[in-house]
Amino acid sequence: MNNLVKIGIFYDGNYFAHVSNYYNYIHSRRARISISGLHEFIRKTVASYEKVDICHAQVVDAHYFRGRYLASESQKSNKLMSERQFDDILMTSGIVTHYLPITQRGEKGIDVWFSLEALELAMYKHFDVVVLIACDSDYVPLVRKLNTLGIRVMVMSWEFEYIDPLGRQMITTASQQLLNEVSYPVAMQAIIDERIKTNDPFINGLFVKKSSVLKPTDDYDEDTPIQESAQSNPKNITLESDEDFTGAIQAIKDGYGFIRPDNNTPNIFFYYGELEDADFNDLKIGDHVKYKLGRNDRGLCALQIRIGESVDFNMY
């Protein structure tokens, strides 16, 4: 038992969701991060750093922190089921959830709660290694406190850059100050991309097996020119007007889809990042939405999308 390395894992939920979305919608993997696979990867990595057999590197505690909308608001945006499904995944993985309500001021105080819980649990449960799935410099004081206790800290970070289908440059980086303070900085994107061609089982295990994707309705023409905007790097998008438009979800793809406007104009392309207060995976064909119109070099597209009541396609 003296050789057992006790691992505590702490998730910044917003950051983890952002990374998972990237691999599901943008990266060639086209799959979400698997929590169980991630924990096995952590055990293997910690065992390597700590120079012990993997059976002596055990995850003894794991916690997930994120802001959450009230149940009434989640129900209005059809998010309750997906939230419960993800809670089931966290529960079966032995992860304790910590939620704070999201208000009009946004998500406040979650990073402070994250740090206080991590420090208290590390002291109480005598972790040997604390793993942070986070990238923010706000966690530097936490790392310094853990260092004074002789607890090694591993930060699992991702850095990536891409042009989204609306022509915007999207950049995700980890705080260099945070990485400089920890014992074991792990650059996940480099590890994944280096081994992507080697069929490494630990890397493959990091990703959820892809399930079937909802297909467009039979009368949707997949060869319309506007669809090319999902496969290209269009110029920066411009807002056409502040007017609200309405329509129904007509097709759902990997990270993008199409809206059939209520005014019977041609279908409008949208990107998952334009959904407000909703998750792309919650969408169903037929969901009624409000949106604003934008334009890129490929044509019109939908911005600032809000989910409303479901409608029947037979009415069109």
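Residues numbered from 1 in each chain as written. Predicted model: local features only at pLDDT ≥ 70, side-chain atom pairs only at ≥ 80, totals over all residues. Heavy atoms only, no water.

A. Spatial organisation of the overall build of the protein chain. Along the protein chain, the regular secondary structure elements total nine helices and 14 strands. Expressed as a percentage of its 316 residues, the buried residues of the protein chain come to 47%. Within the protein chain, residue pairs in contact and separated by at least 24 positions form 71% of the contacts whose partners lie at least 6 positions apart. Per element, the accessible surface of the protein chain, about 16000 Å² overall, is 50% carbon and sulfur. (Helix = DSSP H or I, 4+ residues; strand = E, 2+ residues; numbered from the N terminus. Buried < 20%, exposed > 50% of the residue type's maximum accessible area, 1.4 Å probe, protein only. Contact = heavy atoms within 4.5 Å. Areas by Shrake-Rupley, 256 points an atom, 1.4 Å probe, with all protein chains shown as cover.)

B. Structural context of the pairing of strand S1 (residues 5-12). In terms of burial, S1 is a largely internal element, seven of the eight residues being buried. Examined bridge by bridge, S1 and strand S2 (residues 57-68) share eight bridges and lie parallel to one another. When the bridges of S2 are listed, isoleucine 7 appears paired with valine 59. In this sheet, strand S4 (residues 129-133) lies alongside S1 in parallel orientation, the contact comprising five bridges. Paired with tyrosine 11 across the two strands is isoleucine 133, which belongs to S4. (Pairing = 2+ DSSP bridges.)

C. Here's a closer look at the nonpolar core. Among the nonpolar cores identified, the biggest contains 85 residues, and Leu132, Met156 and Trp158 are the most heavily contacted of them. Setting aside its immediate chain neighbours within four residues, leucine 132 contacts Phe10, Phe114, Leu142, Val143, Val153, Met154, Val155 and Met156. (Core = buried A, V, L, I, M, F, W, Y, C linked by side-chain atoms within 4.5 Å.)

D. Geometry of the packing of aromatic side chains. Scanning the model with the defined rule gives 22 aromatic pairs in all. Relative to tyrosine 291, the ring of phenylalanine 245 lies with its centre 6.0 Å away and its plane at 25 degrees, an arrangement referred to as stacked. Here phenylalanine 245 is found in strand S10 (residues 245-252), whereas its partner tyrosine 291 is found in strand S13 (residues 287-296), with 46 residues between them in sequence. A relative accessible area of 2% places tyrosine 291 in the buried class. The rings of Phe10, Phe65, Trp113, Phe114, Phe127 and Tyr139 are connected pair by pair, giving a single aromatic cluster. Lying across the ring of phenylalanine 202, lysine 44 places its NZ or CZ 5.2 Å from the centre. Geometry around tyrosine 99 places arginine 68 over its ring, the cationic atom sitting 3.9 Å from the centre. (Phe/Tyr/Trp six-rings, centres within 6.5 Å; stacked < 30°, edge-to-face > 60°. Lys NZ or Arg CZ within 6 Å of the ring centre and 35° of its normal.)

E. Representation of the confidence of the model for the protein chain within the structure. Averaged over all residues, the pLDDT of the protein chain is 82; the fraction at 70 or higher stands at 81%. In the model, residues 212-235 has pLDDT below 50 throughout and makes 53 contacts with residues more than four positions away in sequence or in other chains. Within the model, the stretch residues 309-316 combines pLDDT values under 50 with 22 contacts to residues more than four positions away or in other chains. (pLDDT = per-residue confidence, 0-100.)

F. Local environment of the pattern of salt bridges. For the coordinates displayed, the defined rule picks out seven salt bridges. Linking arginine 43 and glutamate 40 is a salt bridge whose minimum nitrogen-to-oxygen distance equals 3.0 Å. Of this pair, arginine 43 and glutamate 40 both sit in helix H2 (residues 35-50), three residues apart, roughly one helical turn. Under the relative-accessibility criterion, arginine 43 is labelled buried at 14%. With a closest N to O distance of 3.0 Å, arginine 144 and glutamate 181 form a salt bridge. Of this pair, arginine 144 sits in helix H6 (residues 140-148) while glutamate 181 sits in helix H7 (residues 176-181), and the two are 37 residues apart along the sequence. (Salt bridge = Lys/Arg side-chain N within 4 Å of Asp/Glu carboxyl O.)

G. Molecular detail of the environment of lysine 108. If you trace the backbone, lysine 108 turns up in the loop between strand S3 (96-101) and helix H5 (110-125). Residues lysine 108 and arginine 66, 42 residues apart in the sequence, show an inter-C-alpha distance of 9.9 Å.

H. How the structure looks around the sheet that holds S3. Taken in spatial order, the six strands of this open sheet run S3-S2-S1-S4-S5-S8, and their pairing is parallel. Two strands bound the open sheet, and with one partner strand each, they are S3 and strand S8 (184-187). If you compare each strand with its neighbour and ignore which way they point, the axes differ by 15 degrees on average. Where S2 lies against S3, six bridges are found, and the strand directions are parallel. Bridge pairing in S3 places arginine 68 opposite proline 101. Along the sheet face, helix H1 (residues 13-25) touches S1, S2, S4 and strand S5 (152-157) and points at about 95 degrees away from the line of S2. (Axes fitted to C-alpha atoms, helices over the stretch in contact; angles between N-to-C directions.)

I. Structural context of unusual backbone geometry. Positive phi outside glycine occurs at arginine 30, with the angle close to 50 degrees. Unlike most non-glycine residues, glutamine 304 shows phi in positive territory, near 50 degrees. Relative to the helices and strands, glutamine 304 is located in strand S14 (residues 299-310).

J. Layout of H6. Of all the residues in H6, the buried ones are Val140, Leu142, Val143 and Leu146. End-on, the buried residues of H6 take up no more than an arc of 160 degrees, which puts them together on one face. Set apart from the buried face of H6 by more than 90 degrees, the exposed residues are Lys145 and Thr148. The secondary structure elements touched by the buried residues of H6 are H5, S4, S5 and H7. (Arc of directions from axis to C-beta.)

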